[in-house]
Amino acid sequence: MKLLHSCLGGALALGVLFAPSASEAANTRLGLGADYWVDHGASFQLTLGFDTRLVGPLDLGARFGLAFVPDEDTIGIPIDLTLRANLSRRFYLEGLVGPWILFEGDTFRTHAALGFGVKSGALSFGVEAGYLTPDPTIGLRLSYRF
């Protein structure tokens, strides 16, 4: 748990250090996600995310929301810090890390993932492979920027 707090604290400090000027507008995203969590079944998420230009093609942001895990009959709160590299106008690569808070079993779960996707106007669609304590996950993401 101390390691998770240290990682999140370091990531937050880097975010503040490299935060863009107030004149740069932040993007807001509404997202839907579905993951297959090995040995735990599916999980579904509704998220709200914010990101802003960090430097060059990199965006720094965060997403949080509501998750439902039917096989464990529980809900939770996914929270992720995101770093997105805009490879072109159409493609992106992103890394995510953060705690997911589930209301049954182990309350705090560590989440880390890599995603790749396609952008078309305000819509983004991508795949994500990662880890949610204690097992790997693979999922799909759809988001709308407004």
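Quick summary incoming for the structure in this document.

About the thresholds
Throughout, a residue's number is its position along its own chain's written sequence, starting from 1. The model is predicted, so local features are restricted to residues of pLDDT at least 70 and side-chain atom pairs to those at 80 or more, both for listing and for counting; the totals for chains, interfaces and linings are taken over all residues. Processing note: side-chain calculations cover all non-hydrogen atoms of the structure and skip hydrogens and water entirely. Each helix is a run of DSSP H or I of at least 4 residues and each strand a run of E of at least 2, with the numbering of both proceeding from the N terminus. Burial here depends on accessible area, computed with a 1.4 Å probe over protein chains only, as a share of the maximum for the residue type. Under 20% is buried, over 50% is exposed, and the range in between is partly exposed. We call two residues in contact when some of their heavy atoms are within 4.5 Å. Paired strands, as defined in this entry, are two strands with at least two bridges between them according to DSSP. Axes here mean lines fitted to C-alpha atoms, for a helix over just the part in contact, with angles spanning 0 to 180 degrees between N-to-C directions.

**A look at the environment of Leu-83**
Part 1 of the reasoning: When you line up the elements, Leu-83 lands in strand S4 (residues 74-86).
Part 2 of the reasoning: For Leu-83, a relative accessible area of 38% corresponds to the partly exposed category.
Part 3 of the reasoning: Taking the C-alpha atoms as reference points, Leu-83 and Leu-58, separated by 25 residues in sequence, lie 6.9 Å from one another.
Part 4 of the reasoning: With residues up to four places along the chain from it excluded, the contact list for Leu-83 reads Leu-54, Leu-58, Asp-59, Leu-93, Glu-94 and Gly-95.

**Focus: the environment of Gly-95**
Part 1 of the reasoning: By the element assignment, Gly-95 lies in strand S5 (residues 91-102).
Part 2 of the reasoning: Given a relative accessible area of 23%, Gly-95 falls into the partly exposed group.
Part 3 of the reasoning: When the C-alpha positions of Gly-95 and Ala-129 are compared, they lie 9.9 Å apart, and in sequence the two are 34 residues distant.
Part 4 of the reasoning: Setting aside its immediate chain neighbours within four residues, Gly-95 contacts Leu-81, Thr-82, Leu-83, Ala-113 and Leu-114.

**What to know about the sheet that holds strand S1 (residues 27-37)**
Part 1 of the reasoning: As summarised here, the arrangement of the 8 strands in space is S1-S2-S3-S4-S5-S6-S7-S8, forming a closed barrel in which the pairing is antiparallel. Across the sheet, the mean angle from the axis of one strand to that of its neighbour is 25°, orientation sign disregarded.
Part 2 of the reasoning: In this structure, S5 lies alongside strand S6 (residues 108-120), joined through 11 bridges in antiparallel fashion. Residue pairing for S6: Leu-93 is matched across the bridge by Phe-116.

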